[in-house]
Amino acid sequence: MLKRTFLYRVISVSVALVFLFVMATGSFAQDDEAPVEETAVEEVVEEVAVLEGAELVQYNLDMTWMILAGFLVFFMQAGFAMLEGGFIRHTGVVNSMAENFMDACITAIVFFLVGYSIAYAGGGVGGNGIIPTVGFGIGTPLFDFNPADAGGLDPFADWFFQFAFAGAAATIATGAMAERTDFRGKMIYSAILGAIIYPVVIFWSPWNGGFLAEQFGFVDFAGSTIVHQTGGVLALMGAAIVGPRVGREFGNPPAPSNLMLASLGTFILWFGWYGFNVGSTLAASDVHLMGLVAVNTTLAAAAGALTAMFFEYFRKGHWSMGYILNGSLAGLVGITAGAAFVSPVASLLIGLTAGIVLVLSLDAVEAAKIDDAVGAFAVHGACGMLGTLAIGFWGVPQLLGLENGGLFMGGGVELLIGQTVAVVVVTIWAAVTGIIMFSALNAMGILRMHAEADEVGIDAYEHKASLYGDVLLTLPEPSEGPVGD
């Protein structure tokens, strides 16, 4: 007891001495008129505060808008999931939701660790703009940032915005390969896509000042080719290699499980696309430009839906909800590259053309006996190419910041040639890497789900779950037979 009392007294005296020392130091500091040496934190604050007054307010507004736009683009993940879940059969919806959720989770990690540094690797190896360097993380310490650097973009705001785009690219292939992909293989290809394949396309693109932009004049405002074409071509390669669903009758695809869910997903995607396109202004300083992008996005989506709907009606004699939904997405993909570079009239024409390209592309994929469960290549791949090429026809010189615009706007074929080169290069890159990646996964036996899943449904086999849990309360073991309705 005496030892404990003595210890308490020693601690009390020590605390009192420390308190007195701190108070005395503060008093002396107030009496001292000489300037106190700045701490490391104060130096950092002074370094960051390079903008003042109206410039600082505008900078904060710009970064806030970019982050909010990133929220909208990220919300598109929910739209993709609902669209896919509504278009496929109900026995694979749980698996589809899990895969879409993993697209966001896996892409977030790999794009932070590797992908972002590859995408924005400057001149790359040898400074040739073709082979990127590989770094780690987003490469910017928390307090070591000057808004005058990197085009004035806050590195964290920029990473988040770009991550949302990477997640969208990753989930495109998920829809095409739905209902038969091994969950392990799915996670692996999402990681490779987010870490390497997609970032390399950014590295080559005008977003990074890559060789396609520098040497060929390639422009892509929000990613018709960079995001959608890349994902669409990969989706086609994956669907071809994984093979069709068992019992798939080409020319007569399975009926969607829930068109209401698919419609809700499409509305979410359209809504999120305003973040995708308008957010790609990367600033809120030019309201006129933001308005133009919003108008062009809206008109193209509406025109695409109408064209696809009427095209299918004249062929089949009924109003197809699936074509209405995919038609609107086709228009959105088609206008993404040129949303800030074309007039509203041109955006209508691009949307109308996208609706036609969608229908013809769906027919071509079906004729090739490739089972694309949601029409991912037709929507994203084919219409992504269309959107990029459309700038070569309809690009307005003043909006592009060029002396000559598109072919139909008084320019020559130079811009169209540059756009065509980019489309070809990205197609080859996505196709070759997709074939290598999916073939390797297939050879390892982790691309296609086990044949037993075709009997009981992939949800029951892979997840021991059912979309309609209140109907199917007890899931049988795979060997016990197929899952009932």
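Residues numbered from 1 in each chain as written. Predicted model: local features only at pLDDT ≥ 70, side-chain atom pairs only at ≥ 80, totals over all residues. Heavy atoms only, no water.

### A look at helix α13 (residues 376-394)
Side chains three or four residues apart in an α-helix point the same way, a direct result of the helix having 3.6 residues per turn. The terminal C-alpha atoms of α13 lie 26 Å apart, and with 19 residues this matches the ideal 27 Å at 1.5 Å per residue to within 8%. Across the 19 residues of α13, 16 count as buried, placing the element largely inside the fold. (Helix = DSSP H or I, 4+ residues; strand = E, 2+ residues; numbered from the N terminus. Expected span 1.5 Å × (residues − 1). Buried < 20%, exposed > 50% of the residue type's maximum accessible area, 1.4 Å probe, protein only.)

### As for unusual backbone geometry
At L282, a residue that is not glycine, the phi angle is positive and equals roughly 60°. Considering the arrangement of structural elements, one finds L282 in the loop between α9 (259-277) and α10 (287-316). Positive phi outside glycine occurs at K464, with the angle close to 50°. Within the secondary structure, K464 sits in the segment after α17 (458-463).

### Points about the packing of aromatic side chains
Overall, the coordinates contain 23 aromatic pairs when judged by the stated rule. Relative to F341, the ring of F221 has its centre 5.6 Å away and its plane inclined at 80°; by these criteria the two rings are edge-to-face. In this pair, F221 sits in the loop between α7 (211-216) and α8 (224-242) while F341 sits in the loop between α11 (321-336) and α12 (344-367), placing the two residues 120 residues apart along the sequence. This pair shows no difference in class: F221 is buried, exactly as F341 is. A network of ring pairs unites the aromatic residues F71, F74, F111, F112, Y116, Y120, W159, F160 and F163 as a single cluster. Here the guanidinium or amino end of R315 rests over the ring plane of F311, the centre of that ring lying 5.4 Å away. (Phe/Tyr/Trp six-rings, centres within 6.5 Å; stacked < 30°, edge-to-face > 60°. Lys NZ or Arg CZ within 6 Å of the ring centre and 35° of its normal.)

### A look at α10
With 30 residues, α10 ought to run about 44 Å at 1.5 Å a step, and its terminal C-alpha atoms sit 44 Å apart, in line with that. Here α10 starts with a cap whose side-chain oxygen sits 3.3 Å from the backbone nitrogen of H288, and that cap is D286. Positive phi shows up at G317, right after α10, with a value of about 80°. (Polar contact = N/O pair within 3.5 Å; in protein donor to acceptor, adjacent residues only side chain to side chain.)

### Here we look at the pattern of salt bridges
As enumerated under the stated definition, the model contains 11 salt bridges in all. A salt bridge links R89 to E179; the nearest nitrogen and oxygen atoms lie 2.7 Å apart. Separated by 90 residues along the polypeptide, R89 in the loop between α3 (53-87) and α4 (93-119) and E179 in the loop between α5 (155-176) and α6 (183-204) bring together distant segments of the chain. Between E312 and R315 there is a salt bridge, and its shortest N-O distance comes to 2.9 Å. In this pair, E312 and R315 both sit in helix α10, 3 residues apart, roughly one turn of the helix. By relative accessible area, which is 35% here, R315 ends up partly exposed. (Salt bridge = Lys/Arg side-chain N within 4 Å of Asp/Glu carboxyl O.)

### A look at the environment of G412
Secondary-structure assignment places G412 in the loop between α14 (397-400) and α15 (414-443). Taking the C-alpha atoms as reference points, G412 and G392, separated by 20 residues in sequence, lie 8.8 Å from one another. If near-sequence neighbours (up to four positions away) are discounted, G412 is found in contact with G405, G406 and L407. (Contact = heavy atoms within 4.5 Å.)

### Some words on the confidence of the model for the chain
Of all residues in the chain, 83% attain a pLDDT of 70 or more, and the chain-wide mean is 86. Across residues 1-49 the pLDDT falls below 50, and counting only partners more than four positions away or on other chains, this stretch makes 8 contacts in the model. Low confidence marks residues 479-485, where pLDDT is under 50. Its contacts with residues over four positions away, or in another chain, come to 12 contacts. (pLDDT = per-residue confidence, 0-100.)

### A look at the nonpolar core
Residues Y198, W273, F276 and L358 are the most contacted members of the largest nonpolar core, which totals 113 residues. When residues in this core are grouped by element, the largest group, 13 residues, is from α5. Excluding residues that lie within four positions of it along the chain, L358 makes contacts with A308, Y323, N326, G327, A330, A378, V379 and C383. (Core = buried A, V, L, I, M, F, W, Y, C linked by side-chain atoms within 4.5 Å.)

### Here we look at the side chain of D372
Positionally, D372 belongs in the loop between α12 and α13. For the buried residue D372, which engages in no salt bridge, the nearest side chain bearing the opposite charge is R180, 7.0 Å off. At 2.9 Å, the side chain of D372 forms a polar contact with the backbone nitrogen of A376. Setting aside its immediate chain neighbours within four residues, D372 contacts A176, V365 and F377. (Lys, Arg positive; Asp, Glu negative; His and termini not counted.)

### What about a nonpolar patch on the surface?
There is a patch of nonpolar side chains on the surface, built from L407, F408, M409, V413 and I417 and spanning about 440 Å² of accessible area. By the element assignment, M409 lies in the loop between α14 and α15. (Patch = residues over 30% accessible without salt bridge, like charges linked within 9 Å, V, L, I, M, F, W, Y side chains within 5 Å. Areas by Shrake-Rupley, 256 points an atom, 1.4 Å probe, with all protein chains shown as cover.)

### Digging into the packing of α4 against α5
Running from N to C, α4 and α5 point in directions that differ by 135°, and their axes come no closer than 8 Å. What the angle tells us is that α4 and α5 run oblique. For the pair α4 and α5, the crossing hand works out as right-handed. The residues of α5 that touch α4, namely those facing E99, N100, D103, A104, T107, A108, F111, F112 and Y116, are P155, D158, W159, Q162, F163, A166, G167, A170, T171 and T174. (Axes fitted to C-alpha atoms, helices over the stretch in contact; angles between N-to-C directions. Parallel < 35°, antiparallel > 145°, perpendicular 65-115°, else oblique. Left-handed = near helix turned anticlockwise from the far one by under 90°.)

### Here we look at the packing of α11 against α12
Taken N-terminus to C-terminus, the directions of α11 and α12 make an angle of 125°; their axes are 8 Å apart at the nearest point. In terms of axis orientation, α11 runs oblique to α12. Crossing of α11 over α12 shows right-handed handedness. Residues Y323, N326, G327, A330, G331, G334 and I335 of α11 touch α12, and the partners they reach there are S347, I350, G351, A354, L358, V359 and L362. Looking at the contact of α11 with α12 residue by residue, the class counts come to 8 nonpolar, 6 polar and no charged. (Nonpolar A, V, L, I, M, F, W, Y, C, P; charged D, E, K, R; others polar.)

### Some words on the environment of V374
Counting through the fold element by element, V374 comes out in the loop between α12 and α13. Taking the relative accessible area as the measure of exposure, V374 reaches 13% and is therefore buried. Note: C-alpha distance between V374 and P256 (118 residues apart in sequence) is 9.5 Å. Excluding residues that lie within four positions of it along the chain, V374 makes contacts with E84, F87, I88, G175, A176 and N326.

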